[in-house]
Amino acid sequence: MSRVDAKNIWKIYAGGVLAVKEVSFHCEDGEFLAILGPSGCGKSSTLRMIAGLEDITKGELLFDGKLVNKLSPRERNIALAFETYALYAPLTIYENIAFPLEAGGMKRKQIDEKVKQIADMLDLTDVLNRKPSHLSGGQQQRVSLARALIREPNVFLLDEPLSHMDQRVRVLLRARIRRIHDELKATTIYVTHDQEEAVSLADRIIVMHLGEIQQTGTVDELWNHPKNIFVAGFLGEPAMNFLETKIEKPTQISLTTGEKKATFELRGKVDEKYVGCEAILGIRPERIVVLADKRDEQSAPSLVEVVEPLGETKIVTVKLDDVELKVVSLREVDTAVGKTIYLKFKPEDIHLFDKQTEKALLA
Ligand code: ADP
Ligand code: MG
(Lines give C-alpha, C1' and ligand atoms only; values in the text may rest on other atoms or scores of the structure.)
(Ligands and ions follow the chains in the order given, each with its own letter.)
Protein backbone atom coordinates (compact mmCIF):
# COMPACT_ATOMS: atom_id res chain seq x y z
CA MET A 1 0.00 0.00 0.00
CA SER A 2 1.06 3.55 -0.63
CA ARG A 3 1.09 6.93 0.96
CA VAL A 4 -0.54 9.59 -1.23
CA ASP A 5 0.52 13.24 -1.32
CA ALA A 6 -1.39 15.89 -3.24
CA LYS A 7 0.46 19.20 -3.52
CA ASN A 8 -1.32 22.35 -4.71
CA ILE A 9 -3.52 20.49 -7.17
CA TRP A 10 -5.77 22.38 -9.57
CA LYS A 11 -8.37 21.19 -12.05
CA ILE A 12 -9.57 23.57 -14.69
CA TYR A 13 -11.78 21.92 -17.32
CA ALA A 14 -11.99 22.99 -20.95
CA GLY A 15 -14.03 26.15 -21.14
CA GLY A 16 -12.39 27.45 -17.97
CA VAL A 17 -14.52 25.63 -15.36
CA LEU A 18 -12.51 25.84 -12.13
CA ALA A 19 -13.37 22.59 -10.32
CA VAL A 20 -10.47 22.15 -7.88
CA LYS A 21 -8.43 25.02 -6.49
CA GLU A 22 -5.00 24.55 -4.95
CA VAL A 23 -5.83 21.43 -3.00
CA SER A 24 -3.14 19.93 -0.75
CA PHE A 25 -3.47 16.91 1.51
CA HIS A 26 -1.93 13.57 2.27
CA CYS A 27 -3.23 10.12 3.02
CA GLU A 28 -0.95 7.98 5.18
CA ASP A 29 -0.10 4.44 4.24
CA GLY A 30 -3.09 2.42 5.49
CA GLU A 31 -5.20 5.42 6.38
CA PHE A 32 -8.90 5.80 5.61
CA LEU A 33 -9.43 9.35 4.36
CA ALA A 34 -12.81 10.77 3.37
CA ILE A 35 -13.41 13.70 1.05
CA LEU A 36 -16.71 15.24 2.11
CA GLY A 37 -18.68 18.10 0.61
CA PRO A 38 -21.85 19.08 -1.21
CA SER A 39 -22.57 18.15 -4.81
CA GLY A 40 -20.36 19.99 -7.31
CA CYS A 41 -17.62 20.94 -4.82
CA GLY A 42 -14.90 19.07 -6.72
CA LYS A 43 -14.73 15.73 -4.91
CA SER A 44 -14.96 13.48 -7.96
CA SER A 45 -12.60 15.68 -9.95
CA THR A 46 -10.03 15.31 -7.16
CA LEU A 47 -10.47 11.54 -7.00
CA ARG A 48 -10.35 11.15 -10.77
CA MET A 49 -7.05 13.02 -10.85
CA ILE A 50 -5.65 10.66 -8.21
CA ALA A 51 -6.89 7.74 -10.30
CA GLY A 52 -5.30 9.09 -13.47
CA LEU A 53 -8.65 9.41 -15.26
CA GLU A 54 -8.31 13.19 -15.48
CA ASP A 55 -5.22 15.26 -16.19
CA ILE A 56 -3.91 17.33 -13.33
CA THR A 57 -4.02 20.92 -14.57
CA LYS A 58 -1.41 22.07 -12.09
CA GLY A 59 0.26 20.61 -9.01
CA GLU A 60 1.97 17.38 -7.99
CA LEU A 61 0.61 13.98 -7.07
CA LEU A 62 2.95 11.54 -5.36
CA PHE A 63 2.61 7.89 -4.39
CA ASP A 64 5.23 6.98 -1.78
CA GLY A 65 7.12 10.12 -2.65
CA LYS A 66 7.22 9.34 -6.37
CA LEU A 67 5.62 11.72 -8.87
CA VAL A 68 2.76 9.93 -10.68
CA ASN A 69 1.18 12.83 -12.62
CA LYS A 70 2.07 11.27 -15.94
CA LEU A 71 1.33 7.63 -15.09
CA SER A 72 -1.72 5.83 -16.51
CA PRO A 73 -4.37 4.43 -14.13
CA ARG A 74 -2.96 0.95 -14.67
CA GLU A 75 0.59 2.06 -13.87
CA ARG A 76 -0.64 3.70 -10.67
CA ASN A 77 -2.10 0.35 -9.57
CA ILE A 78 -5.26 1.74 -7.98
CA ALA A 79 -8.60 0.03 -7.43
CA LEU A 80 -11.68 2.06 -8.18
CA ALA A 81 -15.34 1.88 -7.37
CA PHE A 82 -17.45 4.69 -8.67
CA GLU A 83 -21.06 5.64 -8.30
CA THR A 84 -21.73 4.24 -11.75
CA TYR A 85 -20.84 0.60 -11.86
CA ALA A 86 -19.69 -0.21 -15.42
CA LEU A 87 -20.04 -3.98 -15.11
CA TYR A 88 -19.40 -6.29 -18.06
CA ALA A 89 -22.92 -7.19 -19.20
CA PRO A 90 -22.18 -10.55 -20.88
CA LEU A 91 -20.27 -11.88 -17.85
CA THR A 92 -21.81 -13.35 -14.72
CA ILE A 93 -21.39 -11.60 -11.38
CA TYR A 94 -18.76 -14.21 -10.44
CA GLU A 95 -16.81 -13.46 -13.62
CA ASN A 96 -17.13 -9.73 -13.10
CA ILE A 97 -15.67 -9.94 -9.62
CA ALA A 98 -12.96 -12.40 -10.68
CA PHE A 99 -11.94 -10.30 -13.68
CA PRO A 100 -9.18 -8.17 -12.10
CA LEU A 101 -7.59 -11.27 -10.57
CA GLU A 102 -7.69 -13.24 -13.81
CA ALA A 103 -6.16 -10.31 -15.61
CA GLY A 104 -3.40 -10.44 -12.99
CA GLY A 105 -2.76 -14.13 -13.67
CA MET A 106 -3.80 -15.57 -10.30
CA LYS A 107 -4.47 -19.32 -9.94
CA ARG A 108 -8.06 -20.51 -10.38
CA LYS A 109 -8.43 -22.02 -6.92
CA GLN A 110 -7.14 -18.93 -5.19
CA ILE A 111 -9.42 -16.72 -7.31
CA ASP A 112 -12.37 -18.89 -6.36
CA GLU A 113 -11.62 -18.51 -2.66
CA LYS A 114 -11.26 -14.78 -2.90
CA VAL A 115 -14.42 -14.26 -4.95
CA LYS A 116 -16.46 -16.31 -2.50
CA GLN A 117 -15.01 -14.49 0.46
CA ILE A 118 -15.73 -11.01 -0.85
CA ALA A 119 -19.16 -12.07 -2.16
CA ASP A 120 -20.01 -13.27 1.31
CA MET A 121 -18.89 -9.99 2.87
CA LEU A 122 -21.03 -7.96 0.49
CA ASP A 123 -24.08 -10.28 0.47
CA LEU A 124 -23.65 -11.32 -3.13
CA THR A 125 -23.33 -15.09 -2.70
CA ASP A 126 -26.83 -15.78 -4.02
CA VAL A 127 -26.40 -13.81 -7.21
CA LEU A 128 -22.94 -14.99 -8.35
CA ASN A 129 -24.35 -16.90 -11.33
CA ARG A 130 -26.59 -14.09 -12.56
CA LYS A 131 -25.90 -11.45 -15.17
CA PRO A 132 -25.66 -7.76 -14.15
CA SER A 133 -28.93 -6.84 -15.90
CA HIS A 134 -30.81 -9.14 -13.51
CA LEU A 135 -29.62 -7.19 -10.46
CA SER A 136 -30.97 -4.08 -8.78
CA GLY A 137 -28.96 -0.86 -8.88
CA GLY A 138 -27.83 -1.36 -5.31
CA GLN A 139 -26.70 -4.94 -6.02
CA GLN A 140 -24.79 -3.86 -9.12
CA GLN A 141 -23.04 -1.22 -7.06
CA ARG A 142 -22.05 -3.89 -4.56
CA VAL A 143 -20.55 -5.95 -7.39
CA SER A 144 -18.56 -2.93 -8.49
CA LEU A 145 -17.35 -2.48 -4.92
CA ALA A 146 -16.45 -6.19 -4.66
CA ARG A 147 -14.46 -5.95 -7.89
CA ALA A 148 -12.46 -3.06 -6.43
CA LEU A 149 -11.93 -4.56 -2.98
CA ILE A 150 -10.80 -7.97 -4.24
CA ARG A 151 -7.55 -6.53 -5.53
CA GLU A 152 -4.47 -5.54 -3.58
CA PRO A 153 -3.72 -2.20 -5.12
CA ASN A 154 -1.59 0.72 -3.91
CA VAL A 155 -4.69 2.75 -3.13
CA PHE A 156 -8.44 2.20 -3.01
CA LEU A 157 -10.43 5.06 -4.50
CA LEU A 158 -14.14 4.92 -3.76
CA ASP A 159 -16.55 7.57 -5.08
CA GLU A 160 -19.99 7.45 -3.43
CA PRO A 161 -19.94 3.64 -3.65
CA LEU A 162 -23.10 3.21 -1.57
CA SER A 163 -25.25 5.91 -3.14
CA HIS A 164 -27.70 3.59 -4.92
CA MET A 165 -28.48 1.46 -1.90
CA ASP A 166 -31.27 1.94 0.57
CA GLN A 167 -30.51 3.28 4.03
CA ARG A 168 -30.50 -0.06 5.86
CA VAL A 169 -28.06 -1.68 3.42
CA ARG A 170 -25.87 1.43 3.43
CA VAL A 171 -25.44 1.30 7.17
CA LEU A 172 -24.65 -2.42 7.01
CA LEU A 173 -22.08 -1.99 4.24
CA ARG A 174 -20.39 0.92 5.96
CA ALA A 175 -19.35 -1.43 8.73
CA ARG A 176 -18.20 -4.07 6.24
CA ILE A 177 -16.14 -1.60 4.21
CA ARG A 178 -14.41 -0.45 7.36
CA ARG A 179 -13.73 -4.07 8.34
CA ILE A 180 -12.27 -4.91 4.95
CA HIS A 181 -10.11 -1.79 5.25
CA ASP A 182 -8.86 -2.79 8.67
CA GLU A 183 -8.05 -6.32 7.51
CA LEU A 184 -6.17 -5.20 4.41
CA LYS A 185 -4.66 -2.08 6.03
CA ALA A 186 -5.51 -0.47 2.75
CA THR A 187 -4.81 3.16 1.93
CA THR A 188 -8.33 4.34 1.12
CA ILE A 189 -9.69 7.62 -0.21
CA TYR A 190 -13.46 7.72 -0.01
CA VAL A 191 -15.61 10.44 -1.57
CA THR A 192 -19.07 11.18 -0.22
CA HIS A 193 -21.56 14.02 0.24
CA ASP A 194 -23.01 12.17 3.24
CA GLN A 195 -21.51 13.46 6.49
CA GLU A 196 -22.79 10.47 8.44
CA GLU A 197 -20.95 8.13 6.10
CA ALA A 198 -17.70 10.10 6.36
CA VAL A 199 -17.94 10.32 10.13
CA SER A 200 -18.60 6.62 10.59
CA LEU A 201 -15.88 5.44 8.20
CA ALA A 202 -12.90 7.71 8.09
CA ASP A 203 -9.80 8.25 10.23
CA ARG A 204 -9.66 11.80 8.91
CA ILE A 205 -11.99 13.91 6.80
CA ILE A 206 -11.30 16.61 4.23
CA VAL A 207 -14.22 19.02 3.95
CA MET A 208 -14.48 20.67 0.52
CA HIS A 209 -16.62 23.53 -0.70
CA LEU A 210 -16.53 25.36 -4.06
CA GLY A 211 -13.38 23.54 -5.16
CA GLU A 212 -11.39 24.35 -2.03
CA ILE A 213 -10.47 22.50 1.13
CA GLN A 214 -12.20 24.13 4.09
CA GLN A 215 -10.64 21.99 6.80
CA THR A 216 -8.89 18.66 7.25
CA GLY A 217 -9.03 16.78 10.52
CA THR A 218 -10.30 13.92 12.62
CA VAL A 219 -14.01 13.77 13.34
CA ASP A 220 -13.33 15.21 16.81
CA GLU A 221 -11.33 18.12 15.43
CA LEU A 222 -13.96 19.00 12.85
CA TRP A 223 -16.78 18.54 15.33
CA ASN A 224 -15.31 20.44 18.25
CA HIS A 225 -13.17 23.00 16.46
CA PRO A 226 -14.70 23.83 13.07
CA LYS A 227 -12.58 26.52 11.43
CA ASN A 228 -15.46 28.29 9.73
CA ILE A 229 -19.23 28.46 9.45
CA PHE A 230 -19.33 26.13 6.46
CA VAL A 231 -17.63 23.24 8.27
CA ALA A 232 -19.61 23.94 11.45
CA GLY A 233 -22.89 23.78 9.56
CA PHE A 234 -22.04 20.84 7.32
CA LEU A 235 -21.37 18.28 10.06
CA GLY A 236 -24.29 17.37 12.27
CA GLU A 237 -27.96 16.58 11.80
CA PRO A 238 -29.93 18.63 12.72
CA ALA A 239 -27.28 21.19 11.83
CA MET A 240 -25.63 23.66 14.19
CA ASN A 241 -27.74 26.73 14.95
CA PHE A 242 -26.38 30.15 14.05
CA LEU A 243 -27.52 33.46 15.47
CA GLU A 244 -26.24 36.98 15.77
CA THR A 245 -24.65 37.95 19.03
CA LYS A 246 -22.76 40.86 20.49
CA ILE A 247 -19.31 40.54 22.00
CA GLU A 248 -19.48 42.28 25.39
CA LYS A 249 -16.03 41.35 26.69
CA PRO A 250 -13.26 39.09 25.38
CA THR A 251 -14.85 36.32 27.46
CA GLN A 252 -18.54 37.20 27.22
CA ILE A 253 -21.29 37.56 24.61
CA SER A 254 -24.91 38.64 24.82
CA LEU A 255 -28.20 37.95 23.09
CA THR A 256 -30.99 40.48 23.14
CA THR A 257 -34.56 39.19 22.97
CA GLY A 258 -37.17 41.91 23.04
CA GLU A 259 -35.91 44.39 25.61
CA LYS A 260 -34.17 41.67 27.67
CA LYS A 261 -30.51 40.79 27.41
CA ALA A 262 -29.02 37.39 28.26
CA THR A 263 -25.28 36.99 28.67
CA PHE A 264 -23.14 33.91 28.15
CA GLU A 265 -19.55 33.23 29.13
CA LEU A 266 -17.08 31.94 26.54
CA ARG A 267 -14.63 29.04 26.94
CA GLY A 268 -11.76 31.22 25.79
CA LYS A 269 -10.87 34.79 24.94
CA VAL A 270 -11.54 36.56 21.67
CA ASP A 271 -9.28 39.36 20.53
CA GLU A 272 -9.90 42.73 22.30
CA LYS A 273 -10.58 44.36 18.95
CA TYR A 274 -13.88 42.46 18.65
CA VAL A 275 -15.35 43.89 21.85
CA GLY A 276 -18.52 45.79 20.99
CA CYS A 277 -18.78 44.04 17.60
CA GLU A 278 -21.42 41.68 16.33
CA ALA A 279 -20.46 38.06 15.65
CA ILE A 280 -22.14 34.78 14.77
CA LEU A 281 -22.77 32.39 17.61
CA GLY A 282 -22.95 28.69 16.75
CA ILE A 283 -24.51 26.08 19.03
CA ARG A 284 -25.35 22.46 18.29
CA PRO A 285 -28.97 21.41 18.85
CA GLU A 286 -27.91 18.63 21.24
CA ARG A 287 -25.91 21.02 23.41
CA ILE A 288 -28.60 23.57 24.23
CA VAL A 289 -29.82 23.25 27.80
CA VAL A 290 -33.57 23.73 28.18
CA LEU A 291 -34.97 25.25 31.36
CA ALA A 292 -38.73 24.98 31.79
CA ASP A 293 -38.72 28.10 34.00
CA LYS A 294 -36.42 31.05 33.84
CA ARG A 295 -33.87 30.45 36.57
CA ASP A 296 -31.34 33.21 35.98
CA GLU A 297 -30.22 36.04 33.70
CA GLN A 298 -28.02 33.68 31.73
CA SER A 299 -30.83 32.16 29.71
CA ALA A 300 -32.78 33.29 26.65
CA PRO A 301 -36.57 32.95 26.39
CA SER A 302 -37.90 31.31 23.22
CA LEU A 303 -41.24 30.15 21.93
CA VAL A 304 -41.87 26.48 21.07
CA GLU A 305 -43.16 26.17 17.50
CA VAL A 306 -42.84 22.53 16.44
CA VAL A 307 -42.03 19.29 18.28
CA GLU A 308 -40.81 16.19 16.43
CA PRO A 309 -40.61 13.11 18.68
CA LEU A 310 -37.68 10.73 18.01
CA GLY A 311 -38.29 8.14 20.70
CA GLU A 312 -36.12 8.98 23.71
CA THR A 313 -35.36 12.45 22.37
CA LYS A 314 -37.20 15.04 20.31
CA ILE A 315 -36.32 17.88 17.97
CA VAL A 316 -37.93 21.09 19.17
CA THR A 317 -38.08 24.07 16.83
CA VAL A 318 -38.19 27.31 18.78
CA LYS A 319 -38.17 30.95 17.89
CA LEU A 320 -35.76 33.25 19.66
CA ASP A 321 -36.88 36.70 18.58
CA ASP A 322 -37.19 36.07 14.85
CA VAL A 323 -34.50 33.39 14.56
CA GLU A 324 -35.53 29.74 14.34
CA LEU A 325 -33.42 27.32 16.35
CA LYS A 326 -33.47 23.55 16.62
CA VAL A 327 -33.06 22.02 20.03
CA VAL A 328 -32.65 18.31 20.72
CA SER A 329 -33.98 17.54 24.17
CA LEU A 330 -35.03 14.53 26.20
CA ARG A 331 -38.56 13.29 25.79
CA GLU A 332 -39.62 14.14 29.35
CA VAL A 333 -38.71 17.85 29.15
CA ASP A 334 -41.87 19.97 28.95
CA THR A 335 -41.80 21.65 25.53
CA ALA A 336 -45.47 22.00 24.65
CA VAL A 337 -46.14 24.01 21.48
CA GLY A 338 -46.84 27.65 22.35
CA LYS A 339 -44.90 27.46 25.62
CA THR A 340 -41.97 29.75 26.42
CA ILE A 341 -38.84 27.81 27.36
CA TYR A 342 -35.48 29.19 28.46
CA LEU A 343 -32.29 28.28 26.65
CA LYS A 344 -28.89 28.14 28.22
CA PHE A 345 -25.60 27.83 26.34
CA LYS A 346 -22.62 26.46 28.23
CA PRO A 347 -19.20 28.04 27.58
CA GLU A 348 -17.67 24.84 26.19
CA ASP A 349 -20.51 24.49 23.65
CA ILE A 350 -20.42 27.99 22.21
CA HIS A 351 -18.75 28.51 18.83
CA LEU A 352 -18.10 32.02 17.66
CA PHE A 353 -17.45 33.23 14.11
CA ASP A 354 -16.45 36.49 12.48
CA LYS A 355 -19.47 37.95 10.69
CA GLN A 356 -17.53 38.96 7.57
CA THR A 357 -14.91 36.24 7.10
CA GLU A 358 -17.04 33.50 8.74
CA LYS A 359 -13.88 32.20 10.43
CA ALA A 360 -13.81 30.85 13.98
CA LEU A 361 -12.88 33.40 16.66
CA LEU A 362 -12.16 30.88 19.41
CA ALA A 363 -9.43 28.22 19.11
P1 ADP B 1 -18.57 16.57 -6.93
O2 ADP B 1 -18.03 15.22 -7.20
O3 ADP B 1 -18.13 17.13 -5.63
O4 ADP B 1 -20.07 16.62 -7.06
P5 ADP B 1 -17.27 17.31 -9.43
O6 ADP B 1 -15.82 17.12 -9.22
O7 ADP B 1 -18.00 16.25 -10.18
O8 ADP B 1 -17.99 17.58 -8.02
O9 ADP B 1 -17.51 18.69 -10.19
C10 ADP B 1 -16.91 19.90 -9.78
C11 ADP B 1 -17.23 20.98 -10.79
O12 ADP B 1 -16.61 20.67 -12.04
C13 ADP B 1 -18.71 21.13 -11.09
O14 ADP B 1 -18.98 22.50 -11.29
C15 ADP B 1 -18.88 20.33 -12.36
O16 ADP B 1 -19.96 20.83 -13.11
C17 ADP B 1 -17.58 20.57 -13.05
N18 ADP B 1 -17.20 19.45 -13.95
C19 ADP B 1 -17.06 18.15 -13.60
N20 ADP B 1 -16.66 17.40 -14.63
C21 ADP B 1 -16.53 18.25 -15.69
C22 ADP B 1 -16.12 18.11 -17.07
N23 ADP B 1 -15.76 16.90 -17.55
N24 ADP B 1 -16.11 19.22 -17.83
C25 ADP B 1 -16.44 20.41 -17.34
N26 ADP B 1 -16.81 20.63 -16.07
C27 ADP B 1 -16.86 19.57 -15.24
MG1 MG C 1 -19.06 13.40 -7.55
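Just so it is clear, the model here is predicted, and its values are computed rather than measured.

S.K.: Please set out the site of ligand 1 residue by residue, giving values where relevant.
M.R.: Taken together, Tyr-13, Val-17, Ala-19, Pro-38, Ser-39, Gly-40, Cys-41, Gly-42, Lys-43, Ser-44 and Ser-45 are the residues near ligand 1. In the model, an oxygen atom of ligand 1 is placed 3.2 Å from a nitrogen or oxygen of the Cys-41 main chain. In isolation ligand 1 exposes 560 Å². Once the protein is present, 59% of that is buried. The set of elements that each furnish at least two residues to the shell around ligand 1 consists of strand S2 (17-27) and helix H1 (43-51). In terms of residues, the shell around ligand 1 owes the most to one element, H1, which gives 3 residues.

S.K.: So what about the sheet that holds strand S4 (residues 58-63)? Which residues, and what values?
M.R.: Across the sheet, which stays open at both edges, the 4 strands sit in the order S2-S1-S4-S5 with antiparallel pairing between neighbours. The sheet is open, and its two edges are formed by S2 and strand S5 (66-67), each paired on a single side. The pairing of strand S1 (residues 4-13) with S4 spans 5 bridges and is antiparallel. Following the sheet pairing, Asp-5 is matched in S4 by Leu-62. Across the sheet, H1 is in contact with S1, S2 and S4; its angle to S2 comes to roughly 60°.

S.K.: A description of the side chain of Glu-31 should follow, citing residues and the corresponding values.
M.R.: Its location among the elements puts Glu-31 in the loop between S2 and strand S3 (32-36). At a separation of 2.6 Å, a polar atom in the side chain of Glu-31 contacts the side chain of Arg-204. Setting aside anything within four residues of it in sequence, one finds Glu-31 in contact with His-26, His-181, Ala-186, Thr-187, Thr-188, Asp-203 and Arg-204.

S.K.: Can you break down the sheet that holds strand S18 (residues 323-330) residue by residue, with the values?
M.R.: Pairing within the open sheet is antiparallel, and its 5 strands lie in the order S15-S19-S16-S17-S18. Strands with a single pairing partner mark the edges of an open sheet, and in this sheet they are strand S15 (289-291) and S18. Here the strands of the sheet are splayed against their neighbours by 45° on average, with no regard to which way each runs. Relative to strand S17 (residues 313-320), strand S16 (residues 300-310) runs antiparallel, the two sharing 7 bridges. What sits directly across from Glu-308, in S17, is Ile-315.

Calculation notes
- Counting starts from 1 at the beginning of each chain's written sequence and moves along it residue by residue.
- Here every chain gets a letter starting at A, and every ligand a number starting at 1, in the order they are written.
- Predicted model: local features are reported for residues with pLDDT of at least 70 only, side-chain atom pairs are reported and counted for 80 or more only, and whole-chain, interface and lining totals are derived from all residues.
- Each side-chain value is worked out from all heavy atoms of the structure, with water and hydrogens disregarded.
- By convention in this text, a residue qualifies as near a molecule or strand provided that one of its non-hydrogen atoms is within 4 Å of it.
- Side-chain atoms alone can form a polar contact between residues adjacent in sequence; in general such a contact is a pair of N or O atoms within 3.5 Å, and within protein one must be able to donate a hydrogen while the other accepts it.
- Shrake-Rupley sampling with a 1.4 Å probe provides the accessible areas, and residues are treated as covered by the protein chains on show and by no other component.
- Where helices and strands are cited, they refer to DSSP runs of H or I of at least four residues and of E of at least two residues respectively, numbered from the N terminus.
- Paired strands, in this sense, are two strands between which DSSP finds at least two bridges.
- Any two residues whose heavy atoms approach within 4.5 Å at even a single point are treated as in contact.
- To define axes, lines are fitted to C-alpha atoms, for helices over the stretch in contact only, and angles between the resulting N-to-C directions are given on a 0 to 180 degree scale.

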